[in-house]
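Breakdown of the fold
For reference, the chains in residue letters:
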Amino acid sequence: MKRGHVSWSNFTDYIEGPCIVCGVEVRFVIPADRKDPAMLYHATCDIMGALRERLKSANPPPLPPEYIIVKGTVPPIVVAAPAAPPPAPIV
């Protein structure tokens, strides 16, 4: 993937690289402050096959410790305060 500045704008870059579906060269024009895209492809190419392969090979990030349940341990039981007695009937 090759990135460069366009001659007609100070705030625009171009990105060139092969299409991940068909392999033919692709050229995108994007804002200069945007990071590089993960994949380049033509608008007419079907990207779903390449996306499926990337999703199958991706490793999800680890869960934070507060969301992990360790097998064999019992989570603490939270006991609610006793309910107030019902009001006395008015006679």
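Up top you'll find the structure we're talking about.
Residues numbered from 1 in each chain as written. Predicted model: local features only at pLDDT ≥ 70, side-chain atom pairs only at ≥ 80, totals over all residues. Heavy atoms only, no water.

With respect to the helices, strands and loops of the structure, Asp 13 is situated in strand 2 (residues 12–18). Of the polar contacts made by the side chain of Asp 13, one reaches the side chain of His 5; its length is 2.5 Å. When residues no more than four places from it in sequence are discounted, the contact partners of Asp 13 are Arg 3, Gly 4, His 5, Val 6, Phe 28, Val 29, Ile 30, Pro 31 and Ala 32. (Helix = DSSP H or I, 4+ residues; strand = E, 2+ residues; numbered from the N terminus. Polar contact = N/O pair within 3.5 Å; in protein donor to acceptor, adjacent residues only side chain to side chain. Contact = heavy atoms within 4.5 Å.)

All right, on to the sheet that holds strand 3 (residues 25–31) then. Spatial ordering of the open sheet is given by 1-2-3, a layout of three strands whose pairing is antiparallel. One side of each edge strand has no neighbouring strand; the edge strands of this open sheet are strand 1 (2–5) and strand 3. Each adjacent strand pair in this sheet contributes to an overall mean axis angle of 25°, direction not counted. Alignment of strand 1 against strand 2, held across four bridges, turns out to be antiparallel. Across the sheet, Arg 3 pairs through a bridge with Ile 15, a residue of strand 2. (Pairing = 2+ DSSP bridges. Axes fitted to C-alpha atoms, helices over the stretch in contact; angles between N-to-C directions.)

So, on to the packing of aromatic side chains. We describe a pair of aromatic rings using the distance from one ring centre to the other and the angle between the two ring planes. In total, this model carries zero aromatic pairs according to the counting rule given. Over the face of the ring belonging to Tyr 14 we find Arg 27, whose NZ or CZ atom lies 4.1 Å from the ring centre. (Phe/Tyr/Trp six-rings, centres within 6.5 Å; stacked < 30°, edge-to-face > 60°. Lys NZ or Arg CZ within 6 Å of the ring centre and 35° of its normal.)

This paragraph deals with a nonpolar patch on the surface. Together, Leu 63, Tyr 67, Ile 68 and Val 70 make up a nonpolar patch on the protein surface, roughly 450 Å² of accessible area in all. Here Val 70 is to be found in the segment after helix 1 (48–57). (Patch = residues over 30% accessible without salt bridge, like charges linked within 9 Å, V, L, I, M, F, W, Y side chains within 5 Å. Areas by Shrake-Rupley, 256 points an atom, 1.4 Å probe, with all protein chains shown as cover. Salt bridge = Lys/Arg side-chain N within 4 Å of Asp/Glu carboxyl O.)

What follows concerns the pairing of strand 2. Counting buried positions along strand 2 yields six of seven residues, so the element is predominantly enclosed. What sits between the antiparallel neighbours strand 1 and strand 2 is a turn of six residues. Here strand 2 folds back onto strand 3, and the loop between the two strands holds six residues, one of which, Gly 23, carries a positive phi near 85°. (Buried < 20%, exposed > 50% of the residue type's maximum accessible area, 1.4 Å probe, protein only.)

Under the criterion given, the structure shown has four salt bridges. With its nearest N and O atoms 3.9 Å apart, the salt bridge here joins Glu 16 to Lys 2. With Glu 16 in strand 2 and Lys 2 in strand 1, this residue pair connects regions lying 14 residues apart in the sequence. With a closest N to O distance of 2.8 Å, Asp 13 and Arg 3 form a salt bridge. Here the residue Asp 13 occupies a position in strand 2, and Arg 3 occupies one in strand 1, the gap between them amounting to 10 residues. Its relative accessible area of 5% is what places Asp 13 among the buried residues. Using a relative accessible area of 30% as the deciding quantity, one classes Arg 3 as partly exposed. Salt bridges linked by common partners bring Lys 2, Glu 16 and Arg 27 together as one network.

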